[in-house]
Amino acid sequence: MPADERFAVRRESARASVPRPLTAAPAPAGVPLPPGLALRGRLATGARRPETPRGPGRGGSGRGGSGSRTPRSGRGGGPRRAYERARRAWDRPLTAYYVILGSSLLITVLGLVMVYSASMIKALDISKPATYFFGKQFLAAVIGGGLMLIAARMPVKLHRGLAYPILMVTVFLMILVQVPGIGMSVNGNQNWLYLGGPFQLQPSEFGKLALILWGADLLARKQDKRLLTQWKHMLVPLVPVAFMLLGLIMLGGDMGTAIILTAILFGLLWLAGAPTRLFAGVLGFAAVLAFLLIRTSPNRMSRLACMGVSEPDPEGGCWQAAHGIYALASGGWFGSGLGASVEKWGQLPEPHTDFIFAITGEELGLAGTLSVLALFAALGYAGIRVAGRTEDPFVRYAAGGVTTWITAQAVINIGAVLGLLPIAGVPLPLFSYGGSALLPTMFAVGLMIAFAREDPAAKAALAMRRPGVRWKTMRRRVKKRSSGER
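Basis of the calculations
- Residues numbered from 1 in each chain as written.
- Predicted model: local features only at pLDDT ≥ 70, side-chain atom pairs only at ≥ 80, totals over all residues.
- Heavy atoms only, no water.
- Helix = DSSP H or I, 4+ residues; strand = E, 2+ residues; numbered from the N terminus.
- Buried < 20%, exposed > 50% of the residue type's maximum accessible area, 1.4 Å probe, protein only.
- Contact = heavy atoms within 4.5 Å.
- Areas by Shrake-Rupley, 256 points an atom, 1.4 Å probe, with all protein chains shown as cover.
- Patch = residues over 30% accessible without salt bridge, like charges linked within 9 Å, V, L, I, M, F, W, Y side chains within 5 Å.
- Salt bridge = Lys/Arg side-chain N within 4 Å of Asp/Glu carboxyl O.
- Disulfide = S-S within 2.5 Å.
- Core = buried A, V, L, I, M, F, W, Y, C linked by side-chain atoms within 4.5 Å.
- Pairing = 2+ DSSP bridges.
- Axes fitted to C-alpha atoms, helices over the stretch in contact; angles between N-to-C directions.

Novice: Describe the overall build of the protein chain, naming the residues involved and giving the relevant values.
Specialist: Looking only at helices and strands, one finds 19 helices and three strands in the protein chain. Within the span of the protein chain, comprising 486 residues, buried residues form 40% of the whole. Across the protein chain, the fraction of contacts at a sequence separation of at least 24, relative to all contacts at a separation of at least 6, is 66%. Counting only carbon and sulfur atoms, one obtains 63% of the accessible surface of the protein chain, whose full area is about 27900 Å².

Encoded structure:
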């Protein structure tokens, strides 16, 4: 064989011995290649993947790049988005529960602070320690906190079962107040029972709670029997029993408590769906009766004449109303400071009871008074929410009655301090000094907490927050893995 031919044969055999990269065979139409084979085919042929535009931070428009980025949905601010978030938060099942609990506790704690600040000079004036009134109020708050906890844990059926016993005990105590030698007179009102030592009891304060529980149970039973469409079943025996309580209260001369009890009665009738003419008739009768009671009493007429005064008269009338306005006016935006009130040094006769809101305005200013108003507004709105979302008629009437009680009493007290209403002599709920007023009010707040917990959605949310239930739920969601899986 010539040399040239032998060289060509060796060259071909050397080429055949060199391994070549694998290439993918062309797939039939409609049949995709396996991922690994397709990748090897692209690598063998030298094909490149198409470039994708980079976002900010990788050469895009965010840091000097020329590309654009689409904003993500669900992010960003603005008033509308904030409003939607607030509305969704307010619509959660446990919102009313937390608002009632939080606002009532804040009002009570702030009230304890202001009672201590407003009553120091009064206690020293009667030769008592500076913490005399605060100690009694603190003890009442502790007992009231226990009552609130008990009421919040009680089922609705037990609350309905207590309606008649509470009413009968309250009526008995209110009758006992009028017995000579047993009842006591304080500031001209014969409506107190002496319990021994420095402790007294005002049964008329418990009459508000008794009327609410008993009236709610009565109206709920009549609604179940579809009897509320008849006016006689709507009024009897609710209105006669309410008038009996009003009569016992007025025998002692307590006009302020009688006004609150009348407001509770109107609230129950309104929730029961009383027609306008019937509602107007009862309201007109109550107005005529109130006019006669005020007209025949010089003390009540003098209180009515003190509305809107800016200074006391030369004979000393309207002294309390005028100095309440002075206290609010001297507070300014943020007040003179806690404990720095001037009006509590003898100018304001009742700085820790009926006019504690005026001392709050003087020491904490407009910011403090608006905070108190905001807490009462939140408590009232949460009570309306509980009454409006329930399907149980007893819960609706009882929650509406308690909300009417607390808001009406707060409006009457604050309106009297501002000079917009006559001085009725009612304390600010959960805030003013007075254990007889604090105990039933805290029980009523516990009642609303129990109603808020009875909502089906709230029950489910509370059950999910228990540690045992949450752990079991998480264990159900986790899938079991085989022993060889990591």
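Novice: Just give me the short version of a nonpolar patch on the surface, but keep the residues and values in it.
Specialist: A contiguous nonpolar surface patch, about 580 Å² in accessible area, is contributed by Trp333, Phe334, Leu366, Leu370 and Leu373. Position of Trp333 relative to the elements: it lies in the loop between helix H14 (319-329) and helix H15 (356-389).

Novice: Which residues make up the state of the cysteines, and what are the values?
Specialist: Following the criterion strictly, the structure yields one disulfide and no others. Linked covalently through their sulfurs, Cys306 and Cys318 form a disulfide whose S-S length is 2.1 Å. Taking the sign of the torsion about the S-S bond as the criterion, the disulfide between Cys306 and Cys318, at about -90°, is left-handed. With Cys306 in the loop between helix H13 (298-305) and H14 and Cys318 in the loop between H13 and H14, this residue pair connects regions lying twelve residues apart in the sequence. Across the pair, Cys318 and Cys306 agree in class, each one buried.

Novice: Break down the nonpolar core for me, with residues and values.
Specialist: Formed by 108 residues in total, the largest nonpolar core has its most connected members in Ile100, Leu238, Leu269, Phe394, Tyr397, Leu428 and Phe451. Per-element accounting of this core gives the leading share, 13 residues, to helix H16 (residues 393-417). Residues in contact with Tyr397, not counting those within four places in the same chain, are Ala216, Leu219, Ala220, Gln223, Leu228, Leu268, Leu271 and Ala272.

Novice: Which residues make up the sheet that holds strand S1 (residues 183-186), and what values go with them?
Specialist: As summarised here, the arrangement of the three strands in space is S1-S2-S3, forming an open sheet in which the pairing is antiparallel. At either margin of the open sheet sits one strand with a lone partner, and together these are S1 and strand S3 (199-201). Direction aside, neighbouring strands of the sheet carry axes that sit 55° apart on average. Sheet strands touched by helix H7 (residues 163-177): S1, strand S2 (189-196) and S3. Its angle to S2, the strand with the most contacts, is close to 105°.

Novice: How would you sum up the pairing of S1? Please name residues and give values.
Specialist: Strand direction decides the pairing type here: S1 and S2, joined by four bridges, are antiparallel. By the bridge assignment for S2, Val186 is matched with Asn189.

Novice: Account for the pairing of S2, with residues named and values stated.
Specialist: Turn length for the S1-S2 hairpin, with the two strands adjacent in sequence and antiparallel, is two residues, and the turn residue Asn187 shows positive phi of about 55°. When S2 meets S3, the two strands line up antiparallel, connected through three bridges. Residue pairing in the sheet places Tyr194 in a bridge with Gln200 of S3. What sits between the antiparallel neighbours S2 and S3 is a turn of two residues, in which Gly197 has the positive phi angle 70°.

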